[in-house]
Amino acid sequence: MSLESVRHFFAEHAPDIDIIEMPESTATVERAARVHGVAPGQIAKTLSLKVKESVVLIVTRGDARLDNRKLKAALGAKARMLSVDEVVNWTGHPVGGVCPFGLENPLTVYCDVSLRSFDEVLPAAGSVYSAVRISPQRMAELTAAKWIDVCEPL
């Protein structure tokens, strides 16, 4: 169902973007980079976090790590990663296929400025076998994401 919600999202909001489906799992940054033939940084990973009473998504480049001090400063409180069950319940997507598109619930989306290092990134598309190729700016526009700086310097 998750892949279908992403298909519906793109059909409605960006019919020019094709979903790429692969026969091999792309559930981790390393696997996705290998399968798609790109550098790990070009994989756009979506992190699901709880901040106070809100759940938010942060999309970063695949080889970036969150900086907890920057994260707390940007979001106004400490954040914690969601459990596997919470991720599925909030996003509707399985871990490894989480993306900011076709969400089960409306969530605030943030894009880390580290994504701007690339003209094109590959976020998952609702399953561990799917992705899309998209510019970071277009991804932010389609998801009404806010740009923030929450990752450690590379």
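These numbers come from a predicted model, not from an experiment. Numbers given to residues run from 1 along each chain, matching the order in which its sequence is written. Whole-chain, interface and lining totals are the exception, using all residues; otherwise, since this is a predicted model, local features are given only for residues with pLDDT of at least 70 and side-chain atom pairs are given and counted only at 80 or more. Hydrogen atoms and water are omitted, and side-chain values are computed over all heavy atoms in the structure.

Turning next to the pattern of salt bridges. Any carboxyl oxygen of Asp or Glu that lies within 4 Å of a side-chain nitrogen of Lys or Arg is treated as forming a salt bridge with it. One pass over the full model with this rule turns up eight salt bridges. R138 is the salt-bridge partner of D16, the closest N and O atoms lying 2.8 Å from each other. Pair noted here: D16 is in the loop between α1 (2–13) and β1 (19–21) and R138 is in helix α5 (residues 136–143), with a separation of 122 residues, a long-range link. Three exposure classes are used, based on accessible area relative to the maximum for each residue type with a 1.4 Å probe and protein chains only: buried under 20%, partly exposed in between, and exposed over 50%. For R138, a relative accessible area of 26% corresponds to the partly exposed category. Within this structure, E4, R7 and E21 form a network of salt bridges that share partners. Each helix corresponds to a stretch of at least 4 residues labelled H or I by DSSP, and each strand to a stretch of at least 2 residues labelled E; elements are numbered beginning at the N terminus.

What follows concerns the pairing of strand β3 (residues 54–61). The element β3 is extensively covered by neighbouring structure, given that seven of its eight residues are classed as buried. When DSSP finds two or more bridges between two strands, those strands count as paired. With eight bridges connecting them, strand β2 (residues 43–51) and β3 associate as antiparallel partners. Bridge pairing links A44 to R61 in β3. Hairpin connection, β2 to β3: the antiparallel pair is bridged by two residues, and K52 has positive phi, about 55 degrees. One ladder, built from four bridges, connects β3 with strand β5 (residues 108–112); its direction is parallel. From the neighbouring strand, V59 faces β5, where its bridge partner is C111.

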